[in-house]
Amino acid sequence: MNKKMKLLVGLGAVAAAWGGASYAAVRKSYGITFSRTSLPKYSADRNFAEHQERYPGKYTRKSVRFPSGDVMLQGYIYGENNDKGLIIFSHGVFAGHESYVSGILNMVDRGYRVFGFDNTGCCESEGDTSKGLPQGPLDLAAALNYVECDPELSKLPRFLFGHSWGGYSVCAVLNLNQRVDGIVSIAGFTEPVQVTAEMGAGMFGPVAYLTRPMIRLENRRLFKENAGLSAIEGINRTEIPILIMHGVGDHYVRVDGAGLINHQDEITNPNVTFFPLDYEGRNGHNDIFLSKEAKECIDELEERLAAPKAEHHVKETWELPDEVKAEYYKDLDKDVSAGINLELFDTVDEFYSGILDR
């Protein structure tokens, strides 16, 4: 064997060893990242029970269960008597639909019926894990199949509304031949491999981009032919109206990276509107949903939590022991901290109403 051949063999052995190690790391990280999600015990927002307590008799919901693959998902129909249109809501990662219930109920107040549900492995739905990002559009397709088979819900104009993982899912689900009349995607991303590698690079540096083949391989193992569901391809398969919104300061789903709003030149659907979000002090990934007063209230709470986080050697509030969080959350004025960004929901309502008026 000559020197060049030996060198090639040696490089091949190194590449194989690195590939095997990186794939093992990707599989391990999937198990951690997509482990079961539960609603936080302490939150600055109101859950549904707290809304019922705060506004007696105003809000009700109907429980529904439906299959997605081999698991049963839990959902709720809010505003059962409303007929302006049906909004199917798709939530973000590390959450369930009830993390957005204040916004959901605001849309109910505007006359919409809203179908919120928890994805596989999230909150009240079955599943040991949420598997991975392609599971989002698959679960949304299952929810849309439930709507299609319901004699009452199927008659209503059908809108999708999603944030982050959900913002991807509401567009990617169009690859699965689902019928919808309009879509609002907030902080959505293009496809799973790009955003996963990008988030990894934010934590571990540019070397994380080298794991893209391994991420693609793991998605293929888990999701087969649905591994590469693309939001852009879904958008371009149709001409339905789509509103793509994104905070200009979003560093989680980067507005200059995997964010859908950064890929306008790849979108051929003529009825897509791009809407950058830059509310005063609220242009990130999650705070776009907050009122100005709620953001100030939560920022103040986080400042007071800096000392206990340092004491317990943690970076995030959710990592603190429950007894510590209980002390700081007990006197929180949720009339302020649970305030939503009405300007954002006005825009969403105007978009859906424009479709209804056509």
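From a predicted model like this one, the values you see are computed outputs, not experimental measurements.

(A) Geometry of the packing of helix α6 (residues 192–204) against helix α7 (residues 212–223). One way to put it is that α6 packs onto α7 with a least axis distance of 9 Å and a crossing angle of 130°. With respect to each other, α6 and α7 are oriented oblique. The handedness of the crossing between α6 and α7 is right-handed. Between α6, through P192, V193, T196 and A197, and α7, the contact on the second element is made entirely by R212, I215, R216 and N219. Of the residues in the contact of α6 with α7, the class split is 4 nonpolar, 2 polar and 2 charged.

(B) Molecular detail of α6. Counted at 1.5 Å a residue, the expected span for α6 with its 13 residues is 18 Å, and the 18 Å between its end C-alpha atoms agrees. Every buried residue of α6 is listed here: P192, V193, V195, A197, E198, G200 and A201. In the core, the buried residues of α6 are packed alongside α5 (165–172) and α7. One or two steps after α6, the chain reaches G205, where phi turns positive at roughly 95°.

(C) Geometry of the environment of E239. Counting through the fold element by element, E239 comes out in the loop between α8 (231–236) and β7 (242–247). For E239, a relative accessible area of 55% corresponds to the exposed category. Put simply, E239 and G182 are 57 residues apart on the chain and 9.7 Å apart in space, counted from C-alpha to C-alpha. With residues near it in sequence (within four places) discarded, E239 still touches N269, P270 and N271.

(D) Quick look at the sheet that holds strand β8 (residues 272–277). Pairing is mixed across the open sheet formed by 8 strands, whose spatial order is β1-β2-β4-β3-β5-β6-β7-β8. Pairing within the sheet leaves two strands with one partner each, and these edge strands are β1 (61–68) and β8. Strand-to-strand twist of the sheet, defined as the mean angle between neighbouring strand axes without regard to direction, takes the value 20°. Bridging between strand β6 (residues 182–186) and β7 involves 4 bridges; their strand directions are parallel. By the bridge assignment, S185 is partnered in β7 with I244. Each of β1, β2 (71–78), β3 (86–90), β4 (113–117) and β5 (158–163) is contacted by helix α4 (residues 135–149), which is oriented at about 115° to β1, the strand it contacts most.

(E) Broad picture of the packing of α4 against α5. At a closest axis distance of 8 Å, the pairing of α4 and α5 adopts a crossing angle of 60°. Here α4 lies oblique to α5, going by the angle between them. Two packed elements cross with a definite hand, and for α4 against α5 that hand is right-handed. Packed against α4, whose contacting residues are Q135, G136, P137 and L140, the element α5 presents W165, Y168, S169, V170 and A172 at the interface. For the contact of α4 with α5, a count of residues per class yields 6 nonpolar, 3 polar and no charged.

(F) Representation of the pattern of salt bridges in the model. Scanning the model with the defined rule gives 20 salt bridges in all. Salt-bridge contacts for D322 lead to K325; the nearest nitrogen and oxygen are separated by 3.5 Å. In this pair, D322 and K325 are both assigned in helix α11 (residues 322–329), 3 residues apart and thus about one turn of the helix distant. As a salt-bridge pair, K330 and E327 come within 3.4 Å of each other at their nearest N and O atoms. In the salt-bridge network here, residues are joined through shared partners; they are K84, R110, D346 and D349.

(G) Spatial organisation of the confidence of the model for the chain. Per-residue confidence for the chain gives a mean pLDDT of 92; residues scoring 70 or more make up 94%. Predicted confidence for residues 2–18 stays below pLDDT 50, and this span has 5 contacts to residues more than four positions away or in other chains.

(H) Looking closely at unusual backbone geometry. The phi dihedral of F94 falls on the positive side, at around 55°, and the residue is not glycine. Within the fold, F94 resides in the loop between β3 and α3 (101–109).

Rules used throughout
- Residues numbered from 1 in each chain as written.
- Predicted model: local features only at pLDDT ≥ 70, side-chain atom pairs only at ≥ 80, totals over all residues.
- Heavy atoms only, no water.
- Axes fitted to C-alpha atoms, helices over the stretch in contact; angles between N-to-C directions.
- Helix = DSSP H or I, 4+ residues; strand = E, 2+ residues; numbered from the N terminus.
- Parallel < 35°, antiparallel > 145°, perpendicular 65-115°, else oblique.
- Left-handed = near helix turned anticlockwise from the far one by under 90°.
- Contact = heavy atoms within 4.5 Å.
- Nonpolar A, V, L, I, M, F, W, Y, C, P; charged D, E, K, R; others polar.
- Expected span 1.5 Å × (residues − 1).
- Buried < 20%, exposed > 50% of the residue type's maximum accessible area, 1.4 Å probe, protein only.
- Pairing = 2+ DSSP bridges.
- Salt bridge = Lys/Arg side-chain N within 4 Å of Asp/Glu carboxyl O.
- pLDDT = per-residue confidence, 0-100.

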